[in-house]
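Coordinates in review
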Amino acid sequence: MEAARPVSAPLPRATAGPTPLFGAYGIVKRFGSFTANDGVDLEIRAGEIHALLGENGAGKSTLMKILYGLLEPSEGVVTHRGDIVQLPNPEAARRLGIGMVFQHFSLCENLTVEENIALVMPPELSGRALADRIAKLGIDYGLHLEPDRPVWSLSAGERQRIEIVRCLLQDPKLVILDEPTSVLTPGEAEALFSVLERLAREGRALLYISHRLDEVRRLCVRATILRAGRVVGACNPREETARSLAAMMVGSAVHEVSARAVRAIGAERLRLDHLALPAPGLHATALRDVSLRVSGGEILGIAGIAGNGQAELFAALSGEALAADPACVRLDGKPVGGLGINARRRLGAAFVPEERNGHAAAPLMSLSENALLSRHPTAPLTRAGLLRAGAARDLAQRVIAAFDVRKSGPDPAAGTLSGGNLQKFVVGREILAQPGVLVINQPTWGVDAAAAAHIRQAVVDLAAQGGAIVVISQDLDELFEIAGSIAVLHDGTLSAPVPTAETSREAIGLLMGGSSDAAPALAPAPALAPARTH
Amino acid sequence: MRLDLVPRIRRSAVLDILAPALAFVAAVMVGGVAVAALGVSPGAAFVTYFVTPLSDVWSLQEIALKAAPLALIATGLAFCYRADLWNIGAEGQFVVGGLAGGWVGVATHGSGGSVWILPAMLAAGALAGAAYALIPAVLKVRLGVSEILTSLMLVYVAQLLLDYMVRGPLRDPAGYNFPQSVGFEAAARLPYLMEGETLHAGVLIALAAVGLGTFVLARTLFGFEVRLVGASPRAARFAGFSDARLTLAVFAISGGAAGLAGIVEVAGRIGQLQPEISPGYGFTAIIVAFLGRLSPPGILVAALVIALTTIGGEGAQIDLKLPLDLTRAFQGLLLGLVLGADVFARYHVRLVPGGPVSRTAP
Amino acid sequence: MTLDIVQMVLVTVLAAATPLILAAIGELVAERAGVLNLGVEGMMIFGAAVSFAVAMQTGSTLLGALGGAGAGLGLAALFGLLTVGLAANQVASGLSLTILGLGLSGLVGANYVGIKRDPAPQLAIPGLTDLPGIGRLLFGQDAFVYAAVALVAAVSWFLWRTRAGLTLRAIGDDPIATHALGLKVRRVRFLSVLFGGACAGLGGAYLALAYTPFWSPGMTAGRGWIALALVVFATWRPLRVAAGALLFGGATVLQLHAQAAGLGLPGQLLSALPYLATVLALVLLSLGGRQGGSPAPAALGRVFTPSR
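Residues numbered from 1 in each chain as written. Chains lettered and ligands numbered in written order. Predicted model: local features only at pLDDT ≥ 70, side-chain atom pairs only at ≥ 80, totals over all residues.

Applicable threshold: UniProt positions are given in the numbering used here, feature names are shortened, and annotations may be inferred rather than shown by experiment.
An unreviewed UniProt entry annotates chain C as ABC transporter permease of Methylobacterium adhaesivum. For the record of chain C, the UniProt heading Subcellular location (unreviewed entry) holds the text "Cell membrane".

In the nomenclature of an unreviewed UniProt entry, chain B is known as ABC transporter permease of Methylobacterium adhaesivum. UniProt, in the comment section headed Subcellular location (unreviewed entry), describes chain B in these words: "Cell membrane".

Structure, rendered in structure tokens:
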């Protein structure tokens, strides 16, 4: 086979060992001035589970979309058994035997399971024949599905089964999985792993994209590590430690947060008592009997796998979701469960949601308008309903100066800032209010290491000044670095907090997986552990 | 070939103004070709459409009188559309406003002409328009019913209601069975601004509304709320703004403005209730709102342009025997082009050649 | 005798329903693909004007009908370019289409006002057409009526029995997910819009070539808006569109005969019924659909721009 057109990119270089099943060489992908992939090489062999590791924003998704024909690389080539191939669309990728299991499921809610599968099947496979194939796969791989159920009525695990069945029905030679366990319960994840191992034994190649190091070390024998769009290493994860892998992903040694001398723990400032909230939507988690107490000077870390109720807990704390019983939520002793977010802000609370663009900030609006966004109840930015534009600009400038926010232009749109800088702006906006209580969800998600260190330091400093802080994070390293005590959110229930100094990553990890028998002896309630000093 | 649209995060102020201007030029050029095809000199037509109406006092007043309801309605609609809510029933709210205000005029007929009659009519018109607009708003907030479809359906209901009222309960008993109400007394009419001319005080009301709309959108917390809800609904909730309250508020504002425009038309130019009180102002105002890029000053310009082409079209019909439908087609084309041009201001538009697909043997 | 009166009424109702069916079935397909085209009235009346002009020029009803469909299709192509290609707002674009269509129809039809043409020929099968009670209804219609019935069946079959129809529904449900699967979201949406335009144009052609049969400005008289209401009323299902069209057509006929029949209701109330019924249908739909899922295409009216 010949290349369809001359390519300017470097030709596949000679590699040691057999010709890889699929290869990507010199892949460059630019979005405007941003380079998401910068000369990435990747080789995938039949029968292996190959891990693609990297932080959020390292370029994993871009590379995977190129391999699946959803994006065309600016430079570089993809090869199949050594021949250069063009992948202008997913159909071409599927014809080559590349299948994909998306992280954000590509399912149509109002269509049935069978219809969703039929969408990507060849037209001759439909009706009875398709139903039979689905049933047979279900038996072979333990992937049971009811073909006539509409997707909106299914759980996340069931939805992923549709994605996997849809992929397997095309008898793929390469299966790409994008963060497949992020929405799964530990039991579901375990079932998935055995399916994946079986697929590898059948001689298929799997590209496993994740930032969960324990999973990668369990499943994969080869890993390619991306950082800032470049390949920074390749290794056998089983010969590495989680720490060494993390070091490769994150790069330069992470700044250590220096904790200031902590004052005596102050009075209790934030308290939840037996909070229960029904799931706000089909894909949401109900909160069940959640209690917590945080005092001034304390940082409570809340660990957990995404989708176990973090967003719902944040909404309950912020007032974006109201509790049935006002006394369930107390700020400085006052019942606030029935008060909205602005009333809680006026009582001295501040909040940083997980999603920067579109939740914490409006990307198309200027930074000064974004300062107004959350501070209009607590800062003198309005007078009798009229805006004081100058005051909002001053506030934005103070945040920018205090948090070293890099930007272009005097008052640019929030969306023009990089992720780390926008996160610094958002966190700074809240911290400059000197809140008595700060609730922050995934404070450093997808943020570069330097910005992450800056944000963590600011949080620790706020606690040192007497603030009561709740940090919801999936990043255990982060929690062990800054939290005085850690509780685990699993399936909408919160474990009793344990002082960070008295627990281990393994113990917390077990709780995150939902194994309650591994819970350490309960700390005396209320567990008021001091913010950890280094 | 494939069309790629990449959102611009930094919007260019130059493009924002240039895009609709270029669209206007393009529409004029297409119109010129159409005029030539109808056997009329494009140059002469251009003069008749865009210059002559500006050169005599009567036409200028007509332009202002046509532009006033358009600007008033469109300013209200801008609040809705900015908040990403789709009230397309302004025509119905206009009619209901005119009917309610006119009812006051009919009911007070022969009562001696208190100075409170006109304010009461205007208030009744605005309130009725707001109340009528709140029907789709409440259905949306309470039940999640699409406001696009309900507000549109209610237009026809309003028109039929007016038709029924002027043929039935509000018909002038001494009017030889004509379907119309009594003519309003002087106290129930908007005063003329100049002796012996047609320009009435409704134009001032529209100007005030445009000014107020500009101020509220740019300088108040409520205006910020409207803009934020449209730009980032989730961030608006984080800012503590309530979706439901805002939906009701902007529908009430747009309906109130449309209703006010309705009674201004009835108490201004018409002076009585008739089966038809609007030449489609409520729908044309939607065009005006978009032509003005949903900003009140832009809306004022757009309303004047549309009014100019309408008056110019009437002149062209008389002087050049060009059909009125040409004007309508021009207006439709103009909006389409502005909407298309807007894309170039909002996105980087690129034509990407689709690469050849190399077929690979399995 | 009474049977024949019933048949006469039904024939009238069917005739009133046919343009609604034609326009609504096209709009249904576009909306199923997620595109709300409010320009039905404009496409319909432009189709009416062009069809009459073509039929007068060529003397062929068939060519006239094709011209009408083509006119609707042409306007729809403009709409598709704006909303699907350039991601312009669907509501505003649809309204601009209505105004443009009304204007263009006046220009095209200017020379034909007041001219009458023979109506499109009706089927006449000796023996069958003369059957008492049903013959005229079943075997005595013109080609438009049969085309409308065939379109309803064909669209119903297409949407629920073919892979392409499944793709179209999936795109109306979630364009982002279907795009990620590599389905041609914009192409399918554009074609759906074109189909909707052709159907609306055909509905207009029926008015000018068979129903009246002459051209007069503004002759669609809001039927395009009723067709839009009908699609919602029918919860985006073809067979219900046909049923709803008969109901709405029946209301129109009833309104015409209301005074003769001596009903105490004001005619305006009867005229308002289709609109009020649609609002009611929307309310009932949202009351019924709250457990999850939605009868409406979930992405209806939302512009789609493929992520880079």
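1. A word on the overall build of chain B
Convention followed: Secondary structure elements follow DSSP: runs of H or I of four or more residues count as helices, runs of E of two or more count as strands, with numbering from the N terminus. For this measure, only C-alpha atoms enter the radius of gyration; the expected value for a globule follows 2.2 Å times N^0.38, where N is the number of residues. Three exposure classes are used, all based on how many other C-beta atoms lie within 10 Å of a residue's own C-beta (placed from the backbone): buried at 20 or more, exposed at 12 or fewer, and partly exposed between those limits. Residue pairs qualify as contacts under a 7 Å threshold applied to their C-beta atoms, which are placed from the backbone.
Helix and strand counts for chain B stand at 13 helices and 2 strands. The C-alpha radius of gyration computed for chain B amounts to 23 Å, which stays within 12% of the reference 21 Å derived for 362 residues, consistent with globular compactness. Once the C-alpha set of chain B is aligned to its principal axes, its extents read approximately 90 × 60 × 40 Å. In chain B, which comprises 362 residues, the proportion classed as buried is 55%. The contacts in chain B between residues at least 6 apart in sequence include a share of 79% that link residues at least 24 apart.

2. A look at the overall build of chain C
Regarding its fold elements, chain C presents 12 helices and 0 strands. Starting at the N terminus, the α and β elements of chain C follow one another as α-α-α-α-α-α-α-α-α-α-α-α. Its C-alpha atoms give chain C a radius of gyration of 20 Å, within 12% of the compact-globule value 19 Å for 308 residues. Once the C-alpha set of chain C is aligned to its principal axes, its extents read approximately 65 × 45 × 40 Å.

3. Looking at the interface of chain B and chain C
This is how it is decided: Gly is placed with the polar residues, together with every amino acid not listed as nonpolar (Ala, Val, Leu, Ile, Met, Phe, Trp, Tyr, Cys and Pro) or charged (Asp, Glu, Lys and Arg).
Chain B puts 38 residues into the contact, and the matching count from chain C is 40 residues. Mapped by element, the contributors of at least two residues to the side of chain B that touches chain C are strand 1 (2–7), helix 5 (117–143), helix 6 (147–167), helix 11 (281–291) and helix 13 (324–346) of chain B. Sort the elements by how many residues they give to the side of chain B that touches chain C and helix 13 of chain B lands first, with 13 residues. Residues of the side of chain B that touches chain C, tallied by class, amount to 27 nonpolar, 7 polar and 4 charged.

4. Topic: the UniProt feature "transmembrane region" (unreviewed entry) in chain B
With numbering matched to this structure, UniProt assigns "transmembrane region" (unreviewed entry) to residues 21–51, 63–81, 93–110, 116–135, 147–166, 199–222, 243–263 and 283–308 of chain B. When the span residues 21–51 of chain B is considered, its composition is 87% helix and 0% strand, and the gap between its end C-alpha atoms is 18 Å.

5. Some remarks on unusual backbone geometry
Outside of glycine, negative phi angles account for most residues, and trans bonds account for most peptide bonds. With an omega dihedral of -25 degrees, the bond running from Thr212(C) to Pro213(C) counts as a cis peptide bond. With respect to the helices, strands and loops of the structure, Pro213(C) is situated in the loop between helix 9 (185–211) and helix 10 (223–233). Phi angles above zero are rare outside glycine, and Asp289(A) is one such case at about 50 degrees. When you line up the elements, Asp289(A) lands in strand 12 (residues 287–295). Judged by the 12 C-beta atoms lying within 10 Å of it, Asp289(A) is exposed. Although it is not a glycine, Tyr176(B) adopts a positive phi angle of roughly 50 degrees. Relative to the helices and strands, Tyr176(B) resides in the loop between helix 6 and helix 7 (202–219). On the neighbour-count criterion, Tyr176(B) (6 C-beta atoms within 10 Å) is exposed.

6. Some points on the packing of helix 11 of chain B against helix 13 of chain B
Residues and elements named next belong to chain B. How we decide: In this analysis an axis means a line fitted to C-alpha atoms, helices contributing only their contacting stretch, and an angle means the value between N-to-C directions, from 0 to 180 degrees. For a crossing to be left-handed, the near helix must be turned anticlockwise from the far one by less than a right angle; the clockwise case is right-handed.
Look at helix 11 against helix 13: their axes get within 10 Å of each other, and the N-to-C directions meet at 35 degrees. Viewed along their axes, helix 11 and helix 13 form a crossing whose handedness is left-handed. Here Ile 287, Phe 290 and Leu 291 of helix 11 come into contact with helix 13, specifically with Gln 331, Leu 335, Val 338 and Leu 339. Tallied by class, residues from the contact of helix 11 with helix 13 come to 6 nonpolar, 1 polar and no charged.

7. Overview of helix 9 (residues 310–318) of chain A
Residue and element names in this part refer to chain A. For helix 9, a buried count of 9 out of 9 residues is recorded, marking the element as mostly surrounded by other parts of the structure. Taken together, the buried positions of helix 9 are Gln 310, Ala 311, Glu 312, Leu 313, Phe 314, Ala 315, Ala 316, Leu 317 and Ser 318. Residue Gly 319 follows helix 9 closely and has a positive phi angle near 95 degrees.

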